[in-house]
Every structure is written in C-alpha cells, then in structure tokens.
Amino acid sequence: MRYLDEFRDADLVKKVLKQIHLKTTKEWVIMEICGGQTHSIMQHGIDQLLPEKIELVHGPGCPVCVTSLELIDKALAIASQQNVIFCSFGDMLRVPGSATDLFSIKAKGGDVRIVYSPLDAVRIARENPEKEVVFFAIGFETTAPVNAASLLYAQSLGLKNYSLLVSQVTVPAAMHAILSSPQNRVNGFLAAGHVCSVMGYHQYHAIAEKYQIPIVVTGFEPLDLLQGILMTVEQLEKGTHMVENGYSRVVTEAGNLTAQNMINQVFEICDRNWRGIGLIPKSGLRLRQQYSFYDAEKRFSVEEIKTQESAICQSGQILQGIRKPHQCPAFGKECTPQTPLGATMVSSEGACNAYYRYRLTPVAKG
Amino acid sequence: MEDYPEMQGSVCPAPLPHNETIVMGHGSGGLLTQDLINRIFLPAFSNPALLAGNDFALLENESNFRIVVSTDAHIVTPLFFPGGDIGRLAVSGTINDIAVSGGTPIGLTASFILEEGLPMEVLAKVAQSMADTAAEAGVPIVAGDTKVVEHGKADGLFISTTGIAKISREITINGANAKPGDAVIISGTLGDHGMAVLAARGELGVVSQIRSDTAPLNHLIQKILQICPQIHAMRDPTRGGLATTLNEISQQSQVGITIREDRIPVRPEVNAICELLGFDPLYVANEGKVIVILPEPFVDEVLDEMHRHPYGTDAKRIGWVHAESAGEVHLSTRIGGTRLLSVMSGEMLPRIC
C-alpha cells in the first residue's frame, strides 16, 4: 500500500537502526508523546531493536486515558437520561467512571452509540429531532477541529438538539508539566506527528529552549519512528536542543491554518484536570461563551458533579514516564484489558494496554 | 511561570468486570466470551465432550463411526452483504465448525426467530440462499423450527443451525493436538468477512469492493485430509480472527506458536480500511477460512492441493509450532521484532485519531 509499505520496509528500517546503534554512546531516555506512537512501537517490536542505552518511555498522549473521572461521571449522568442519544468514540465506552461505564449504561437500555466522527452525531441529531443528541468531544488538537466543525455544522443546520460534552486537551501544556516535575527523566521528545499536522510545531521552540531539550516531530510507521529516534539521538549526542521535523511529508511549521481557525473560533484555552496527573494550567479547551448553547454540561445541569479520584493504580506515573507499565505490581495480574484498574489499560492507545498486548514473557506479565 | 502540578498523582477507579449484566463484548468471541462460558455455561453443563473445548463435540457410540455435532446462532446486520447473506452464513458457519473435526457433514437443522413485519420476500431470499449453500456443500437441511417475536424484539431475522457429521475412529483432529515442529497453514486472505460487513453497514462513509469470504469448506477439508489424515489441529478463525483462534489452540495444546507477519495474506483493500479505522486484520472475523496445523513433511503437498481448490487459492504457510512459550502466540514482525499476539479482550473498537 502506498505511503505505508515504504515506511515498513525491512531493509530501510535496518539501515536507520544501524545508524542509531552507531551514534548512541550514552544512556538516553526518550519519550514519545502520543499513544498512537506507543502502540506502533510495541506492535512492530521496535523497542527490542534499539540499543540498550536508549530507553523509550511513554507519554500522556492517549485521550481516553487522560479524560478526568469527573467528566466521565458527567457523561454517564447525561447518557442515563431519558430522551438522550449519547454519541462517543468507541474506546470511551470501556472507561469506568466512579460507579459504572457507558457499556453498562447501554446494556441497561441507555441509547449510547459509537460513532466514527462527530459529523455522524450531527446526522443522528438531524434524524431524531425529538431527541437530545450529545457528542463526547474528547481528544487532543487532532480531534478539536472536527469537533468544532460538528458544532458549526449543527448551527448552520439550525439544530437545537445537538450539544458537546467537551474534554479537549492540548499537548504543549502536558510537556511543560512533565518537564517541570522534579522526577522528570526525559532527555528528548518525539512530538506527536498528527497533533503537529494540525498545530504545526512553532509552539515547541519555547519548550526546547526553556528545558534545553531536543524535540523531533515524528510520524507513526516504523521508519518514521526510527527516523525520529535517530534525529533525537544525534541531537542528544551533540548536545543540541532544537525543534526538528522528522515528518515533513505531513507536517509544516505553521500547521493547518484552516483547522486552527476553526478551533479558535469555537474553543478557548482553560485549565483542565487530567486523569492520573491532576490539574494542568491552560491545558484544555472549552467552548467559548457565544457557543455555550451547545455546552452539554450546562444543558443537562451536570456542572455540579464533582468527583474525587482515589489512589489505587499507578497510571499517573506511567502517563508521565516515571514508571513503565510492567513495573506496576498490578500489571497483568489484577489489571488486564478486561478488568482495567486504570485508563492506561483501557484504550488501545494506552501504554499499559500496548504492553499487555504485545510484550513477551517474562517481562510481559510481571 | 505557570504552577504545574506535583506529578505523583496515582488515580484510577475500581475495575468493572461486567459481571452484572450482559454487554456486547460478551458476544465478541474474545476474553469476555470465554469468561462468560467459564462462569455460566461450563459449571451448568460440564461433561467430557464439552470440556474438550472445541467448536464441535464428539459423541461416542457403538457404531463404526463417531458422531460430531455443533451448533451456532447467526446474527448479522445487514442481512445481505457483498459476498453473502445471513442464510449463506448460517449454513457455512455450522458446516465449517463440524468439518474442522475431520468428519463428513451429513445433515443440518435450522431454527428461525423472525421479527414481526419482516417482508416475506426477504425470508424467501434467505431460504433460497441457504438451499444453494447447502447444495454446494452437499449437506441437506433436514429439520427446522420457526418462532415469531413482536416488532422491536429482534433485528429482522436470527438463524440458529445445528450440524451433524460422522467421523472415522482413525481421525483425531483436535485443538489440543498441535505438536512442536508442526507447521501452520491458513487457507487464504484474512479479514474479508468482517470488513465487508462493516463497510456494508454504510456507517463508515467508505465504499469498498471487499466481499465476504463466507463459504462452506467441507469439500476443501476432505480433499486435504485425503492427502494428510495426520493433520493435528484445524479450526476456522471466525470471531476474534486468526489471533484469537491461534491463542485457543496454543492454550489447549500447551505449545507456543510463532507466525510471520510478512507471510500473512491480507488483501490490500482490507488492509487499507483496517489502517484507516485502527483495526488489526488478525482480529477480524473470517467465515470461509481454515487454519491447518500439520506435521512439516506434508506441508507442500497439502498447499498444492489447497491451491487447486477455489476456496484455497491464497493458502500460505504462515508459522510453526514450538515447545517454548507454551500457551502463547508470537508474531515475528516485518521489520524483525517479535511480539505477543494476544487474545482480543472485548469488542474491537475503532481508534480515535
């Protein structure tokens, strides 16, 4: 398949791997931000092919994993109401709230539907004028434009029965939070290629400068990932800390301006709670005042729901790269994809899930 | 300067094992289905034929032949899809479940749950498709039952079929018989059925040429058994796909299985849709494929025979069985890594971004 097979070519992969082995002389900890990259690394077995001196740690870029318990409880409260069709990306159905999950609400008769795009939710709203249709707008800068577009589309259709439960988060704020931590171990970042395709990478220069850390925009196929790792290692060995683009077939410095305009039109920056991490200032997006009509939190009066998260699992440390999934005592024992203790085990983009699915014994199951 | 949180948070909710109510994942063919069987059905029905853990059961009797029986309920939306329909599926699915025992199917029964309001024309078309498929397989449909439920209490039409086969006492094909040194063959491309049905639902906004592979495999299986009666294990990788089925066999036989990613046949169009949606073709359902695990010396001859049959033209040797890592399936990746190929846990869900 074009644009896929070339980037999985075994011979090309071997060439880049050889370069990485040649250039690595010291121990480096490199974090891939995005859960999609974590998944790809494990799926192709890339981690086993790298020099022992390179340690990959897995970042918080899994939108399912970081959506706060409070917002999930709000989603559950809305989805349980009569007359509501609650639309969501599939993975969110498995994430447990305080007492239940969306799968269970569906099993008990709630109208919960998996959609592939928020525009499908708008179509459902159009076809069901007597129902309230709510879309669970989660994700990073990748989902923000299309979630914004769905609202604008619903508005242009004059639909009054469509609203968004917004849990948008942003990558640069999370990088700041990780790098500010006294426990930080990360020496270099692979920036998330898809997020950068929307936002560009101009935002990262300040981070690279402030924390003296190399950041390489990286794609998702084996060759992309290895290229990103090679560029990061080259910088680390040289002692430079630039922002570089290793995914230039998709990403430009400025990004997709149309998409950015759409985000800015509909959303504004806010503080947001991240599951497993806590409140990160200016790390989220919420609907602007002029679109509050479409805010499901207001429409269904769930703003009062306040949920405290209790300490049981270690997903917070895993989301920050402080611990690896198999270093958690519950990994593969009490905590499996079927009985997840933490959101990192739930989503296919979560680091624990990827380790459980792909890592070989004896490391795999603790 | 922003005030960033002390990054030591450790927060997670209590697990939700879904013990209280049935959720869709219980029908996925993955871990949740296994859990349901272990908690509800095995304690209730426990007996040696059931505990053997195959998709078919062997019934002992006094005659020269043993009897093989299997049963399968069929639900699919839409009822008609490219390459098949619920009728062809209901006949093929059960024939394949009994054919992989190595037995010769001799008869099918069918029971229908019909929703009030179902057009008669639809039922007639489905019945004709069942008749055509049964004729192709050479297996008569010999008994049936019909129930009608009120509108809204079923999704148009559900069909449950039961199949009977007879099997000579020499054949011992069983999910628990895979042996170290055996080769693993798959009869053709993976993921065609699951992706054809998903695309036919029209929710994805993609138009595809993918056709379901739904087909009765009893003739193909009988042909290869004539060449190699010593086949150790055979199973059709339906729900949960190749990955889940190989895991079942590795656990039943207490062997390790390694398959090579670059050998696995997947159509480019299936691969493309899977990539777009975040599905893995190794976990997508097939309805006209069989995994054959057999002693190494027979591989070439069996492959030649499969290639001569219309349902085996893309057959390939994809892996091998070993004593190490018993109970696990490993995937040797295209770029030279090795990783675990695990069982699907619940429903397969499309990715977010």
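Here is what the cut-offs are and how they apply
Residues numbered from 1 in each chain as written. Chains lettered and ligands numbered in written order. Predicted model: local features only at pLDDT ≥ 70, side-chain atom pairs only at ≥ 80, totals over all residues. Heavy atoms only, no water. Helix = DSSP H or I, 4+ residues; strand = E, 2+ residues; numbered from the N terminus. Rg over C-alpha atoms; globule rule 2.2 N^0.38 Å. Buried < 20%, exposed > 50% of the residue type's maximum accessible area, 1.4 Å probe, protein only. Contact = heavy atoms within 4.5 Å. Areas by Shrake-Rupley, 256 points an atom, 1.4 Å probe, with all protein chains shown as cover. Pairing = 2+ DSSP bridges. Axes fitted to C-alpha atoms, helices over the stretch in contact; angles between N-to-C directions. Parallel < 35°, antiparallel > 145°, perpendicular 65-115°, else oblique. Nonpolar A, V, L, I, M, F, W, Y, C, P; charged D, E, K, R; others polar. Polar contact = N/O pair within 3.5 Å; in protein donor to acceptor, adjacent residues only side chain to side chain. Core = buried A, V, L, I, M, F, W, Y, C linked by side-chain atoms within 4.5 Å. Phe/Tyr/Trp six-rings, centres within 6.5 Å; stacked < 30°, edge-to-face > 60°. Lys NZ or Arg CZ within 6 Å of the ring centre and 35° of its normal. Disulfide = S-S within 2.5 Å. Salt bridge = Lys/Arg side-chain N within 4 Å of Asp/Glu carboxyl O. Left-handed = near helix turned anticlockwise from the far one by under 90°. Arc of directions from axis to C-beta. Patch = residues over 30% accessible without salt bridge, like charges linked within 9 Å, V, L, I, M, F, W, Y side chains within 5 Å.

Novice: How would you summarise the overall build of chain B if you had to cite specific residues and measurements?
Specialist: Within chain B, the regular secondary structure consists of nine helices and 14 strands. Its C-alpha atoms give chain B a radius of gyration of 21 Å, within 12% of the compact-globule value 20 Å for 353 residues. Taken along the three principal axes of its C-alpha coordinates, chain B extends 85 × 55 × 45 Å. The proportion of buried residues among the 353 residues of chain B is 53%. Put simply, 83% of the contacts in chain B that link residues at least 6 apart link residues at least 24 apart. With an accessible surface of roughly 14,900 Å², chain B has 55% of that area assigned to carbon and sulfur atoms.

Novice: Which residues make up the sheet that holds strand β8 (residues 215-218) of chain A, and what values do they have?
Specialist: Residues and elements named next belong to chain A. Taken in spatial order, the five strands make up an open sheet running β2-β1-β7-β8-β9, and their pairing is parallel. Looking at the sheet topology across the chains shown, the edges are occupied by β2 (54-61) and β9 (243-245). Adjacent strand axes in the sheet meet at a mean angle of 25° when their direction is disregarded. The pairing of strand β7 (residues 188-192) with β8 spans four bridges and is parallel. Within the sheet, the bridge partner assigned to A191 lies in β8 and is V217.

Novice: How would you sum up the packing of helix α8 (residues 171-180) of chain A against helix α10 (residues 204-211) of chain A? Please name residues and give values.
Specialist: Residues and elements named next belong to chain A. Between α8 and α10, whose axes approach to 10 Å, the crossing angle comes to 5°. Classified by the angle between their axes, α8 and α10 sit roughly parallel to one another. Residue-level inspection shows V171, P172, M175, H176, L179 and S180 of α8 in contact with α10, the latter providing Y204, I207, K210 and Y211. Partitioned by chemical class, the residues of the contact of α8 with α10 number seven nonpolar, two polar and one charged.

Novice: Break down the side chain of T33 of chain B for me, citing the residues and quoting the values.
Specialist: In this fold, T33 of chain B is placed in helix α1 (residues 31-45). A distance of 2.9 Å separates the side chain of T33 of chain B from the backbone oxygen of H26 of chain B, its partner in a polar contact.

Novice: Tell me about helix α4 (residues 69-79) of chain A, and name the residues and values.
Specialist: The periodicity of an α-helix, 3.6 residues per turn, causes residues three or four places apart in sequence to face the same way. Among the 11 residues in α4 of chain A, 10 count as buried, and that is most of the element. Of the residues making up α4 of chain A, those classed as buried are L69, E70, L71, I72, D73, K74, A75, L76, I78 and A79 of chain A.

Novice: Can you break down the nonpolar core residue by residue, with the values?
Specialist: Residue and element names in this part refer to chain A. Counting 95 residues, the largest nonpolar core has F86, F189, Y204 and I215 as the members making the most contacts within it. Of the residues forming this core, the biggest block, seven residues, is contributed by α8. Apart from the residues within four sequence positions on either side, F189 is in contact with M31, I33, M175, I178, L179, I213, P214, I215, V216 and T232. W28, I30, I54 and Y358 belong to the second largest nonpolar core, which has 35 residues in total.

Novice: Give me the lowdown on the environment of N128 of chain A, citing residues and values where you can.
Specialist: Residues and elements named next belong to chain A. Assignment of secondary structure puts N128 in the loop between α6 (118-127) and β5 (132-139). With 33 residues separating them in the primary sequence, N128 and N161 have C-alpha atoms 8.7 Å apart. Apart from residues lying up to four places away in sequence, N128 is in contact with I85, R113 and N161.

Novice: Just give me the short version of the packing of aromatic side chains, but keep the residues and values in it.
Specialist: In the structure shown here, the tally under the stated rule is seven aromatic pairs over all chains. With centroids separated by 5.8 Å and ring planes inclined at 65°, the aromatic side chains of F140 of chain A and W274 of chain A adopt a geometry described as edge-to-face. Here the residue F140 of chain A occupies a position in the loop between β5 and α7 (144-156), and W274 of chain A occupies one in strand β10 (residues 267-274), the gap between them amounting to 134 residues. Here the aromatic rings of F293 of chain A and Y294 of chain A are separated by 5.1 Å at their centres, their planes lie at 90°, and the arrangement is edge-to-face. Residue Y294 of chain A is classed as buried on the basis of its relative accessible area, which comes to 7%. For R357 of chain A, the ring lying beneath its charged end belongs to Y283 of chain B, and the centroid distance is 5.6 Å.

Novice: Give a description of the state of the cysteines that names residues and reports values.
Specialist: All names here are of chain A. By the definition in use, this model includes one disulfide over all chains. Shown here is the disulfide that connects C62 with C65, its sulfur atoms set 2.4 Å apart. Its S-S torsion of about 70° marks the bond between C62 and C65 as right-handed, since a negative value means left-handed. Residues C62 and C65 agree in their burial class; the two are buried.

Novice: Give me the pattern of salt bridges: which residues, what numbers.
Specialist: Residue and element names in this part refer to chain B. Scanning the entire structure with this criterion turns up 26 salt bridges over all chains. Note that R88 is salt-bridged to E136, the shortest N-O span being 3.2 Å. A residue pair is termed long-range when its members are at least 10 positions apart, and R88 in helix α3 (residues 86-99) and E136 in helix α4 (residues 120-137) qualify at 48 residues. A salt bridge links R308 to E305; its shortest N-O distance comes to 3.1 Å. Classification of E305 by relative accessible area gives buried; the value is 15%.

Novice: Hey, could you go over the sheet that holds strand β5 (residues 104-115) of chain B for me, with residue numbers and the actual values?
Specialist: Where strands meet in a sheet, backbone hydrogen bonds hold them as pairs that are either parallel or antiparallel. Residues and elements named next belong to chain B. The strand order across the open sheet built from five strands is β1-β2-β7-β5-β6, with neighbouring strands paired in mixed fashion. The outermost strands of the open sheet, each flanked by one partner alone, are β1 (57-59) and β6 (141-149). Sheet twist, expressed as the mean angle between neighbouring strand axes with direction ignored, is 20°. In terms of strand pairing, β5 meets strand β7 (residues 157-168) through 10 bridges, oriented antiparallel. Its bridge partner being in β7, L108 is matched across the sheet by G163. Where α4 meets the sheet, its contacts fall on β5, β6 and β7, and the angle it forms with β7 comes to roughly 15°.

Novice: I'd love a proper account of the packing of helix α5 (residues 192-200) of chain B against helix α8 (residues 268-277) of chain B, names of residues and values included.
Specialist: Residues and elements named next belong to chain B. One way to put it is that α5 packs onto α8 with a least axis distance of 10 Å and a crossing angle of 65°. Note on packing geometry: the crossing formed by α5 with α8 is left-handed. Across from D192, M195 and L198 in α5, the residues of α8 making contact are V270, I273, C274 and L277. Across the contact of α5 with α8, the residue classes break down as six nonpolar, no polar and one charged.

Novice: An account of helix α9 (residues 299-307) of chain B is needed here, citing residue identities and associated values.
Specialist: All names here are of chain B. For α9, the full list of buried residues reads V299, V302, L303, E305 and M306. Along α9, the residues classed as buried sweep out an arc of 160° about the axis, all on the same side. Tucked inside the fold, the buried residues of α9 contact β8 (183-186), α6 (218-227), β11 (291-294) and β12 (316-322).

Novice: Got a sec to walk through a nonpolar patch on the surface? Specific residues and values, please.
Specialist: Residue and element names in this part refer to chain B. Together, I37, I40, F41, F45 and L50 make up an exposed nonpolar region whose accessible area comes to about 430 Å². The element contributing the most residues to the nonpolar patch is α1, with four residues. As for its placement among the helices and strands, I40 is situated in helix α1.

Novice: So, unusual backbone geometry: which residues are in play, and what are the values?
Specialist: Residue P78 of chain B is bonded to the preceding T77 of chain B through a cis peptide linkage, with omega at 0°. Within the secondary structure layout, P78 of chain B lies in the loop between β2 (65-74) and β3 (80-81). Despite not being glycine, S301 of chain A has its phi angle at roughly 50°, a positive value. As for its position among the elements, S301 of chain A is in the loop between α13 (296-299) and α14 (315-319).

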